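Here is how the chains run, residue by residue.
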Amino acid sequence: MMMRKEQQQINNTAFQVLIALSAVHCMNDALQSVVSASYPVLKNDMHLSFRQIGLITLTYQMAASIFQPLVGLFFDRKPWAWSLPAGMLFTLTGLVLLACSTTLAWTLCSVFMVGMGSSTFHPEASRLTSFSSGGKRGLAQSIFQVGGNLGNSLGPLLVAAIVAPHARTHIAFFSILPVIALMMMIPVCKWYKKRLKLISKTEKTGTAHVALPFPPAKTVFTIVVLLVLIFSKYVYMSSLTSYFTFYLIEKFDVSIQQSQVFLFVFLIATAFGTIMGGPLGDRLGRKYVIWLSILGSAPFALLMPHVGLTWTVILSFFAGLILSSAFPAILVYAQELLPYKLGLVSGLFYGFSFGIAGIASAVLGKQADIHGIEMVYNVCSFMPLTGVVAILLPNMKRKQ
């Protein structure tokens, strides 16, 4: 009876926790996107090449990718209710260092700290999102993920309004966001602590058990297919998030501030797409959402390098809208494959996506130095066609 009462109290606050997680995700990813949105300012101030810009992205993305599955696995085994504030402290430290850095080495160190904050935040926040979903895991993941995408879209606007007209040191003004996030996470961490106690009691009574949907070999194969889809998605996304502003400046001679606004159009589209992906996966089956979202963005991506400025912005909006609906479906699909390793799975997929984005950014930056930025967009426009491998995914709708 006591356990039921505790469960009822936790469930009553779950939606509030989910909204708080989404809001903190928004602030966290806004700070993460400040790094990439500041590239034109860093390039001008420090006289960097595209290859060095790619190195900065690689350093950040590797810190935000390699450690994510390790952090997720660690907290799968030893959950800690206050892990989220610890991650935000990394982000705060890196942000202040970035505002003060005057050399490439210090810049690399600062973005590494920001990446470590992301590595700590995403696996644990995804676990809490699953706990607070009430069974509607796709919807919950979309609500959580849309906070991140909204934050990503706000980063360029914040940089355009605060950093670009003044100086790089104005990045320090954004340190108010992690402070607000730390305050918001206090009640979330208290809720998580109660949830961990309830889970511990349930495990001791032996009442919690969920059968794995597929045999181990099929599970591994399915995860590999999902990672291939993540690869194609984030190589293309990296070409836009890291170099779209440079592409617009070079091809259409727009200003830095105008390019940031056009980047915002693409990034806000990814926020809308994320809202659609999770609920559609709950209703129609995640396999079909994954298939349509990645392959469906191909026509817009293929046309983009061959049109004028207005159509480039319009096509980038629809490409982002469709492509971004894939990630909530992919992540929840993977979590359902391994329901007892939520932290590991979340860390693996977030980490792999960040790692691929970092490596792709470094490679694309080098190619842009050699062959020009337009060549990069012509090549990357074919990446969404890789979505055809989604046909190999087994249908989990009936299995659930």
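Residues numbered from 1 in each chain as written. Predicted model: local features only at pLDDT ≥ 70, side-chain atom pairs only at ≥ 80, totals over all residues. Heavy atoms only, no water.

A.B. asks: Run through the overall build of the chain, naming residues and quoting values.
C.D. replies: When you go through the chain residue by residue, the secondary structure sums to 16 helices and zero strands. The C-alpha radius of gyration of the chain comes to 21 Å, within 12% of the 21 Å expected for a compact globule of 400 residues. C-alpha atoms of the chain, sized along the principal axes, occupy 70 × 45 × 30 Å. A burial count over the chain gives 56% of its 400 residues as buried. Across the chain, contacts joining residues at least 24 apart in sequence account for 85% of those joining residues at least 6 apart. Counting only carbon and sulfur atoms, one obtains 69% of the accessible surface of the chain, whose full area is about 16,500 Å². Averaged over its 28 positive side-chain charges, the chain has a centre that lies 14 Å from the centre of its 12 negative ones. (Helix = DSSP H or I, 4+ residues; strand = E, 2+ residues; numbered from the N terminus. Rg over C-alpha atoms; globule rule 2.2 N^0.38 Å. Buried < 20%, exposed > 50% of the residue type's maximum accessible area, 1.4 Å probe, protein only. Contact = heavy atoms within 4.5 Å. Areas by Shrake-Rupley, 256 points an atom, 1.4 Å probe, with all protein chains shown as cover. Lys, Arg positive; Asp, Glu negative; His and termini not counted. Charge placed at Lys NZ, Arg CZ, Asp CG, Glu CD.)

A.B. asks: Pulling in residues and values, what's your account of the side chain of threonine 120?
C.D. replies: Among the structural elements, threonine 120 can be located in helix α6 (residues 104-131). Those residues in contact with threonine 120 that lie beyond four places of it in its chain are Val71, Ser83, Gly87 and Phe90.

A.B. asks: Describe the nonpolar core, naming the residues involved and giving the relevant values.
C.D. replies: One finds Leu226, Tyr236, Ile290, Ile330 and Phe349 to be the most contacted residues of the largest nonpolar core, which totals 98 residues. Of the residues forming this core, the biggest block, 16 residues, is contributed by helix α9 (residues 216-252). Among residues more than four places away in sequence, those in contact with isoleucine 290 are Leu226, Leu229, Ala326, Ala329, Ile330, Tyr333, Ala390 and Leu393. (Core = buried A, V, L, I, M, F, W, Y, C linked by side-chain atoms within 4.5 Å.)

A.B. asks: Can you explain the packing of aromatic side chains? Please cite residues and give values.
C.D. replies: Using the criterion set out here, one finds five aromatic pairs in the structure. Residues tyrosine 243 and phenylalanine 246 carry aromatic rings whose centres are separated by 6.2 Å and whose planes lie at 45 degrees to one another, so their mutual orientation is tilted. One end of the pair, tyrosine 243, and the other, phenylalanine 246, are both in helix α9, three residues apart, so they sit about a helical turn from each other. These aromatic residues form a ring-pair network of at least three members: Phe300, Phe317 and Phe318. One cation-aromatic arrangement involves lysine 233 over tyrosine 234; the distance from NZ or CZ to the ring centre is 4.1 Å. (Phe/Tyr/Trp six-rings, centres within 6.5 Å; stacked < 30°, edge-to-face > 60°. Lys NZ or Arg CZ within 6 Å of the ring centre and 35° of its normal.)

A.B. asks: Account for unusual backbone geometry, with residues named and values stated.
C.D. replies: Here the phi dihedral of aspartate 253 falls at roughly 55 degrees; this positive angle occurs in a residue that is not glycine. Inspection of the secondary structure puts aspartate 253 in the loop between α9 and α10 (256-284).

A.B. asks: How would you summarise a nonpolar patch on the surface if you had to cite specific residues and measurements?
C.D. replies: A grouping of Ile66, Phe67, Leu70 and Phe112 is seen on the molecular surface, where their side chains present a nonpolar patch of about 350 Å² in accessible area. Looking at the nonpolar patch, the element that brings in the most residues is helix α4 (residues 50-77), giving three residues. With respect to the helices, strands and loops of the structure, phenylalanine 67 is situated in helix α4. Look at phenylalanine 67 and you get partly exposed, because its relative accessible area is 30%. (Patch = residues over 30% accessible without salt bridge, like charges linked within 9 Å, V, L, I, M, F, W, Y side chains within 5 Å. Salt bridge = Lys/Arg side-chain N within 4 Å of Asp/Glu carboxyl O.)

A.B. asks: Can you tell me about the environment of glycine 351, naming the residues and giving the values?
C.D. replies: By the element assignment, glycine 351 lies in helix α15 (residues 342-371). In the structure, glycine 351 is positioned 232 residues away from serine 119 in sequence and 7.3 Å away in space, judged by C-alpha atoms. Not counting residues up to four positions away in its chain, the partners in contact with glycine 351 are Ala64, Ser65, Gln68 and Ser346.

A.B. asks: Describe the packing of α9 against helix α14 (residues 326-337), and please don't skip the residues or the numbers.
C.D. replies: Following both chains from N to C, one finds α9 and α14 inclined at 160 degrees, their axes separated by 11 Å at the closest point. As judged from the angle between their axes, α9 and α14 are roughly antiparallel. The crossing of α9 and α14 is left-handed. Only Ala326, Phe327, Ile330, Tyr333, Ala334 and Leu337 of α14 make contact with α9, whose side of the interface consists of Thr219, Thr222, Ile223, Leu226, Leu229, Ile230, Lys233 and Tyr234. Across the contact of α9 with α14, the residue classes tally to 11 nonpolar, two polar and one charged. (Axes fitted to C-alpha atoms, helices over the stretch in contact; angles between N-to-C directions. Parallel < 35°, antiparallel > 145°, perpendicular 65-115°, else oblique. Left-handed = near helix turned anticlockwise from the far one by under 90°. Nonpolar A, V, L, I, M, F, W, Y, C, P; charged D, E, K, R; others polar.)

A.B. asks: Could you give an account of the environment of leucine 342, naming the residues involved and the relevant values?
C.D. replies: Position of leucine 342 relative to the elements: it lies in helix α15. Overall, leucine 342 belongs to the buried group, its relative accessible area being 8%.

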